[in-house]
Amino acid sequence: MSNSTGTIFTLTTFGESHGTAVGGVVDGMPAGIDIDMTFIQQELNRRRPGQSAITTSRNEEDKVELLSGVFEGKSTGAPIGFIVRNRDHHSQDYENMRHIFRPSHADYTYHEKYGIRDHRGGGRTSARVTISRCVAGALAKLALDKLGIAIHAYTMQVGNIHIDKDYSHYDLTMSEQNAVRCPDRQKAQEMEQLIREVKNSGDTVGGIIQCVVTGCPAGLGSPEFDKLHALLGKAMLSINAVKGFEYGEGFSGASARGSEQNDAFFTDAEGRVRTRTNHSGGIQGGLSNGQDIVFRVAFKPVATLLMEQETIDTRGNATVLKAKGRHDPCVLPRAVPVVEAMAAMVILDEYLKNKCVKM
């Protein structure tokens, strides 16, 4: 199932949406890092359901328990096992889906691959499993903080409503001041209103999250198959509902000239090599160049609709499905911390790998 990710800093996850718990094991955590449990729980709270009127009403506390790898508040270098118990799962809401393939879900493909599936909330394919990523990402952030590396993601687009200004015009920490997690207050209000309208109609809507990594040193990544943007792309595309990834100018740069895209180098007053522009998004030749790493992740509308949809059952018979239960009308507000978590794991893993190749 490929339940593990990373090379030196690794995460192995377990659990299902309506099982006893979800959790994981982080290996490769540097020793001696202060383990701030308040911070780790805050990261989970940013992802947890029931946090606002525009998210699912499933009311989970998502309290994390660290089982190993920490002594007197510091990481020991040993594997860190953790668990988050499921408390508020209403499995009966999914009983009418036991023998039905939900449109655009993993029901059919999972059934074809394994010959069995957990129909309750999607089982292993549920976005609830991203809890484990947020715990590991929080641990990675604690280590990266010691290196002066920070990661900020935010909602830049919901439906057809999007931010018009560059991220440099905003205090990205302000994105936590509203339910949508958008640093532009006016756009956040418009996005929230759109999500409410979509929710009231039983429909869903997608959008785009942008992520900015600051303080990253030059040289992370590898020039061939493990290019830094390829690793980030793989990490982001592994998140539920993600349909696209681009960094720097991305697809919009395809219509530009090279003279418009090249980032000229200069040496600043402190003797550091910098670039006057950042069309490359902080990555050149598959390696970080010391500038801000900037990328965007596109999320599709949530596949579960609270309206009738045509589909088939497990015997191939045509039927009509109307989903029940508690679901997100838009995944973006709760996906922001997941994007940050995956970025943190990739950056820390590459930093640790880089230490192994430089004497």
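Along each chain, residue indices are assigned from 1 in the same order as the chain's sequence is written. Local features are withheld for residues below a pLDDT of 70 in this predicted model, meaning they are given only at 70 or higher, and side-chain atom pairs are given and counted only at 80 or more; totals for whole chains, interfaces and linings count all residues. The basis for every side-chain value is the complete set of heavy atoms in the structure, and neither hydrogens nor water enter the calculation.

### Brief notes about the sheet that holds strand 1 (residues 4-5)
Then comes step 1: One bridge is not enough; two strands pair if DSSP finds at least two bridges between them. Helix and strand assignments follow DSSP, with helices taken as H or I runs no shorter than four residues and strands as E runs no shorter than two, numbered in order from the N terminus. Read across the open sheet, the five strands follow the order 1-2-3-7-4; overall the sheet is antiparallel. In the strand order of this sheet, the two ends are held by strand 1 and strand 4 (64-66), each with one partner.
Then comes step 2: Alignment of strand 1 against strand 2 (residues 10-15), held across two bridges, turns out to be antiparallel. Following the sheet pairing, T5 is matched in strand 2 by L11.
Then comes step 3: Here a residue-residue contact requires only that any non-hydrogen atoms of the pair lie within 4.5 Å. Structural elements are reduced to axes, namely lines fitted to C-alpha atoms, with helices fitted over the stretch in contact, and the angle between N-to-C directions of any two is expressed from 0 to 180 degrees. Contacting strand 4 and strand 7 (80-85), helix 1 (residues 37-47) runs over the sheet at an angle of about 140° to strand 4.
Then comes step 4: Relative to strand 3 (residues 21-27), helix 3 (residues 131-146) is tilted by about 35°, and along the sheet it contacts strand 2, strand 3, strand 4 and strand 7.

### Remarks on the environment of D36
Then comes step 1: Here D36 lies in the loop between strand 3 and helix 1.
Then comes step 2: Between the alpha carbons of D36 and V242 there is a distance of 30 Å; along the sequence they are 206 residues apart.
Then comes step 3: Polar contacts here mean pairs of N or O atoms no more than 3.5 Å apart (in protein, one a potential hydrogen donor and the other a potential acceptor; neighbouring residues in sequence count only if both atoms are side-chain atoms). Within the structure, D36 has its side chain in polar contact with the backbone nitrogen of T38 (distance 3.1 Å).
Then comes step 4: Of the polar contacts made by the side chain of D36, one reaches the backbone nitrogen of F39; its length is 3.1 Å.

### As for the pairing of strand 18 (residues 318-322)
Then comes step 1: Summarising the sheet, strand 17 (residues 308-312) and strand 18 pair through five bridges and their orientation is antiparallel. Across the sheet, the residue bridging to E308 is K322, located in strand 18.
Then comes step 2: Hairpin connection, strand 17 to strand 18: the antiparallel pair is bridged by five residues, and G316 has positive phi, about 90°.

### Concerning a nonpolar patch on the surface
Then comes step 1: Residues enter patches when their relative accessible area tops 30% and they take part in no salt bridge; the joining distance is 9 Å for like charges and 5 Å for the nonpolar side chains Val, Leu, Ile, Met, Phe, Trp and Tyr. Only the protein chains shown count as cover for residues, and the accessible areas themselves come from Shrake-Rupley with a 1.4 Å probe. For this document, the term salt bridge refers to a Lys or Arg side-chain nitrogen within 4 Å of an Asp or Glu carboxyl oxygen. On the surface, M1, Y114 and I116 cluster together into a nonpolar patch covering about 330 Å² of accessible area.
Then comes step 2: Counting through the fold element by element, I116 comes out in the loop between helix 2 (107-114) and helix 3.

### Here we look at the nonpolar core
The tendency in soluble globular proteins is for nonpolar side chains to be buried side by side.
Then comes step 1: The definition of a nonpolar core used throughout is a set of buried Ala, Val, Leu, Ile, Met, Phe, Trp, Tyr and Cys residues joined through side-chain atoms within 4.5 Å. The classification of residues rests on relative accessible area computed with a 1.4 Å probe and restricted to protein chains. Under 20% of the type maximum is buried, over 50% is exposed, and intermediate values are partly exposed. In terms of nonpolar packing, the biggest core is built from 79 residues, with F295, F299 and V339 touching the most fellow members.
Then comes step 2: No other element matches the 13 residues that helix 7 (residues 332-357) contributes to this core.
Then comes step 3: Setting aside its immediate chain neighbours within four residues, F295 contacts I209, Q210, C211, L232, M236, F245, E246, Y247, V339 and A343.
Then comes step 4: Listed in part, the five residues of the second largest apolar core include Y94, M97, I100 and A323.

### Observations regarding unusual backbone geometry
Then comes step 1: Residues other than glycine seldom take positive phi values, yet R181 does so here, at roughly 65°.
Then comes step 2: Among the secondary structure elements, R181 is positioned in the loop between strand 9 (161-162) and helix 4 (185-200).
Then comes step 3: Although it is not a glycine, A241 adopts a positive phi angle of roughly 75°.
Then comes step 4: By relative accessible area, which is 23% here, A241 ends up partly exposed.

### Here we look at the side chain of S288
Then comes step 1: Examined against the element boundaries, S288 turns out to sit in strand 15 (residues 287-288).
Then comes step 2: Residue class for S288 comes out buried when judged on its relative accessible area of 4%.

### Side note on the packing of aromatic side chains
Then comes step 1: Between 30 and 60 degrees the pair is tilted, below 30 it is stacked and above 60 it is edge-to-face, where a pair is any two Phe, Tyr or Trp rings, Trp via its six-membered ring, whose centres lie within 6.5 Å. Under the counting rule described, the total for this entry stands at three aromatic pairs.
Then comes step 2: On the basis of an interplanar angle of 75° and a centroid distance of 5.5 Å, the ring pair of F101 and Y108 is categorised as edge-to-face.
Then comes step 3: Judged by relative accessible area, F101 falls into the buried class, the value being 8%.
Then comes step 4: Aromatic pair F245 and F295: ring centres 5.5 Å apart, planes at 40°, arrangement tilted. Linking F245 in strand 11 (residues 242-247) with F295 in strand 16 (residues 293-299), this pair joins segments that are 50 residues apart in sequence.
Then comes step 5: Charge-over-ring placement is defined geometrically: NZ (Lys) or CZ (Arg) within 6 Å of the ring centre, and within 35 degrees of the ring normal. Looking at K113, its charged tip hangs above the ring of Y114, at a distance of 5.6 Å from the centre.
Then comes step 6: Over the ring of F266 we find R276; its NZ or CZ atom is 4.3 Å from the centre of that ring.

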